[in-house]
Amino acid sequence: MQSMQGMQFAFGVVLMFMVMGLLIGIVALTLSSFIRPHNPTEQKLQIYECGEEPVGSPWMQFNNRFYTVALVFILFDVEVVFLFPWAVIFNDFIKQGLGAFIFAEMAVFVGILALGLVYAWAKGDLEWVRTRRFMKPAAARKGGVA
Amino acid sequence: MDIKTLLELMFGLLTVASAIWVAFTPKLLHAGFSLLFTFFGVAGLYVMLGADFLAAVQVLVYIGGILVLLLFGILLTTAMPTAELTVGGTRRGQGLALGMLLLGLLLLAVFRAGWPLSMNALPETTASDIGKGFMTTWLLPFEVASILLLGAMLGALHLARRAGEDQ
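Residues numbered from 1 in each chain as written. Chains lettered and ligands numbered in written order. Predicted model: local features only at pLDDT ≥ 70, side-chain atom pairs only at ≥ 80, totals over all residues. Heavy atoms only, no water.

S.K.: Provide a residue-level description of the overall build of chain B, including the pertinent values.
M.R.: Along the backbone of chain B there are six helices and zero strands. The linear arrangement of helices and strands in chain B, starting from the amino end, is α-α-α-α-α-α. Computed over the C-alpha atoms, the radius of gyration of chain B is 20 Å, more than 25% above the 15 Å expected from 2.2 N^0.38 for a compact globule of 167 residues. In chain B, which comprises 167 residues, the share counted as buried stands at 29%. Taking all contacts inside chain B whose residues are at least 6 apart in sequence as the whole, residues at least 24 apart take part in 59%. On chain B, roughly 10700 Å² of surface is accessible, and the fraction owed to carbon and sulfur atoms is 75%. Computed over 8 positive and 9 negative side-chain charges, the inter-centroid distance for chain B is 12 Å. (Helix = DSSP H or I, 4+ residues; strand = E, 2+ residues; numbered from the N terminus. Rg over C-alpha atoms; globule rule 2.2 N^0.38 Å. Buried < 20%, exposed > 50% of the residue type's maximum accessible area, 1.4 Å probe, protein only. Contact = heavy atoms within 4.5 Å. Areas by Shrake-Rupley, 256 points an atom, 1.4 Å probe, with all protein chains shown as cover. Lys, Arg positive; Asp, Glu negative; His and termini not counted. Charge placed at Lys NZ, Arg CZ, Asp CG, Glu CD.)

If you want it as structure tokens, here you go:
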């Protein structure tokens, strides 16, 4: 059990940063609440939006493209998970003269996943505003939006 | 009580409490954000158990990926963020039965596992051993995993596309 103490200590440093970050926010706001004047008016309580008067509900539907981008992101997120242990041992393998070998292994892995990105790109899933270009080339020039 | 036990208790409490909040809050968005603390608590427990790589993956994939996708799913659906869910009531019995069934299965798995102890010394960090395993013994499963991920991506993109948007 002795051997993993160093690793846990490293994570403990991260935890301390999180705790300190949280505490600074809480302490600063609590302290300032003691000394600041408390005089809310209707004007002051209004939602500030760059000087514009807010109209309607803030719960509006966002562009569905966010979801597609998030989907692609998760796949490459998982790819990074696989890259991480590979990067840790890369130097060891170079010392053994196997650098090209494990580089090729990872190149195949990344290459296969890159096909997915090519697919998404070619199909127009990454286009923010889907034009008819991806259905009929002629319609796009007329400014039609799918 | 030493600091380790205290931290373990804290992470366990955080996980269970936020999971209960996920199940019982009628606000879908609150449940989504509460899930963040559940995932974080589980990551903390992984660290306490010496699984540093798993903890990093938990934060990277579950908090950074799955949860973001989940929240996007809620926010992108009209009227969903403010929708009130009916918790309890008629479905309580069914939920309890299903939960008990799952708990039973988990307990069965825990007691049947056997838990063999490794005679090797515990490694300081696990990432390098996992990397060596990927590049040598488990090379084929590693490369096949990329094909699995590719398939998942193509399928998800296909489903995310609205009908008629296809070429």
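S.K.: Describe the overall build of chain A, with residues and values.
M.R.: Within chain A one finds four helices and zero strands. Within the span of chain A, comprising 146 residues, buried residues form 23% of the whole. Partitioning the intrachain contacts of chain A with sequence separation of at least 6 by distance along the chain shows that 39% fall at a separation of at least 24. Surface accessibility of chain A: about 10500 Å² in total, with carbon and sulfur atoms responsible for 70%.

S.K.: Would you mind going over the nonpolar core in detail, with residue names and values included?
M.R.: Ranked by internal contacts, the top residues of the largest apolar core, which has 28 residues, are Val78(A), Phe82(A), Met106(A), Phe109(A), Met135(B), Phe142(B) and Leu149(B). Sorting the residues of this core by element identifies helix H2 (65–95) and helix H3 (99–122) of chain A together with helix H3 (52–75), helix H5 (127–135) and helix H6 (139–160) of chain B as the ones contributing at least two each. Here this core gets 11 residues from one element, more than from any other, and that element is H2(A). Ignoring anything within four residues of it in the chain, the contact list for Val78(A) reads Val61(B) and Leu149(B). (Core = buried A, V, L, I, M, F, W, Y, C linked by side-chain atoms within 4.5 Å.)

S.K.: How would you summarise the interface of chain A and chain B if you had to cite specific residues and measurements?
M.R.: If you look at the interface, chain A gives 57 residues, while chain B gives 59 residues. Summed over both sides, the interface between chain A and chain B buries roughly 5200 Å², with carbon and sulfur atoms accounting for 74% of that surface. The tally of links between chain A and chain B comes to zero salt bridges. Counting the contacts that link chain A with chain B gives three residue pairs in polar contact (both at pLDDT 80 or more). Going through the elements one at a time, helix H1 (5–35), H2 and H3 of chain A are the ones with two or more residues in the side of chain A that touches chain B. It is H2(A) that contributes the most residues to the side of chain A that touches chain B, 23 residues altogether. (Buried area = accessible area lost by both parts, 1.4 Å probe. Salt bridge = Lys/Arg side-chain N within 4 Å of Asp/Glu carboxyl O. Polar contact = N/O pair within 3.5 Å; in protein donor to acceptor, adjacent residues only side chain to side chain.)

S.K.: Pulling in residues and values, what's your account of the packing of H2(A) against H5(B)?
M.R.: Put simply, H2(A) and H5(B) touch, their axes get as near as 8 Å, and they point 85° apart. In terms of axis orientation, H2(A) runs roughly perpendicular to H5(B). In this structure, H2(A) contributes Phe82(A), Phe84(A), Pro85(A), Trp86(A), Val88(A), Ile89(A), Asp92(A) and Phe93(A) to the contact, and H5(B) contributes Ala127(B), Ser128(B), Ile130(B), Gly131(B), Lys132(B), Phe134(B) and Met135(B). Residue classes in the contact of H2(A) with H5(B) are distributed as 11 nonpolar, two polar and two charged. (Axes fitted to C-alpha atoms, helices over the stretch in contact; angles between N-to-C directions. Parallel < 35°, antiparallel > 145°, perpendicular 65-115°, else oblique. Nonpolar A, V, L, I, M, F, W, Y, C, P; charged D, E, K, R; others polar.)

S.K.: Please give an account of H6(B) that cites residues and values.
M.R.: With 22 residues, H6(B) should reach 32 Å at 1.5 Å per residue; the first-to-last C-alpha distance of 32 Å fits that figure. Among all positions in H6(B), only Phe142(B), Glu143(B), Ala145(B), Ser146(B), Leu149(B), Leu150(B), Met153(B) and Leu157(B) are buried. Around the axis of H6(B), the buried residues are gathered within 140° of arc, so they sit on the same side. Of the residues in H6(B), the exposed ones pointing more than 90 degrees away from the buried face are Leu140(B), Leu148(B) and Leu159(B). The secondary structure elements touched by the buried residues of H6(B) are H2 and H3 of chain A together with H5 of chain B. (Expected span 1.5 Å × (residues − 1). Arc of directions from axis to C-beta.)

S.K.: With reference to specific residues and values, describe a nonpolar patch on the surface.
M.R.: All names here are of chain A. On the surface, Met16, Val19, Met20, Leu23, Ile24, Val27, Leu31, Phe34 and Ile35 cluster together into a nonpolar patch covering about 930 Å² of accessible area. Tracing the sequence through the fold places Leu23 in helix H1. Residue class for Leu23 comes out partly exposed when judged on its relative accessible area of 42%. (Patch = residues over 30% accessible without salt bridge, like charges linked within 9 Å, V, L, I, M, F, W, Y side chains within 5 Å.)

S.K.: Give me the packing of aromatic side chains: which residues, what numbers.
M.R.: All told, the structure shown has 10 aromatic pairs over all chains when counted by the stated rule. Ring-pair connections join several aromatic residues into one group, and the members of that group are Phe82(A), Phe109(A), Phe134(B) and Phe142(B). (Phe/Tyr/Trp six-rings, centres within 6.5 Å; stacked < 30°, edge-to-face > 60°.)

So yeah, pure geometry; function would need other evidence.
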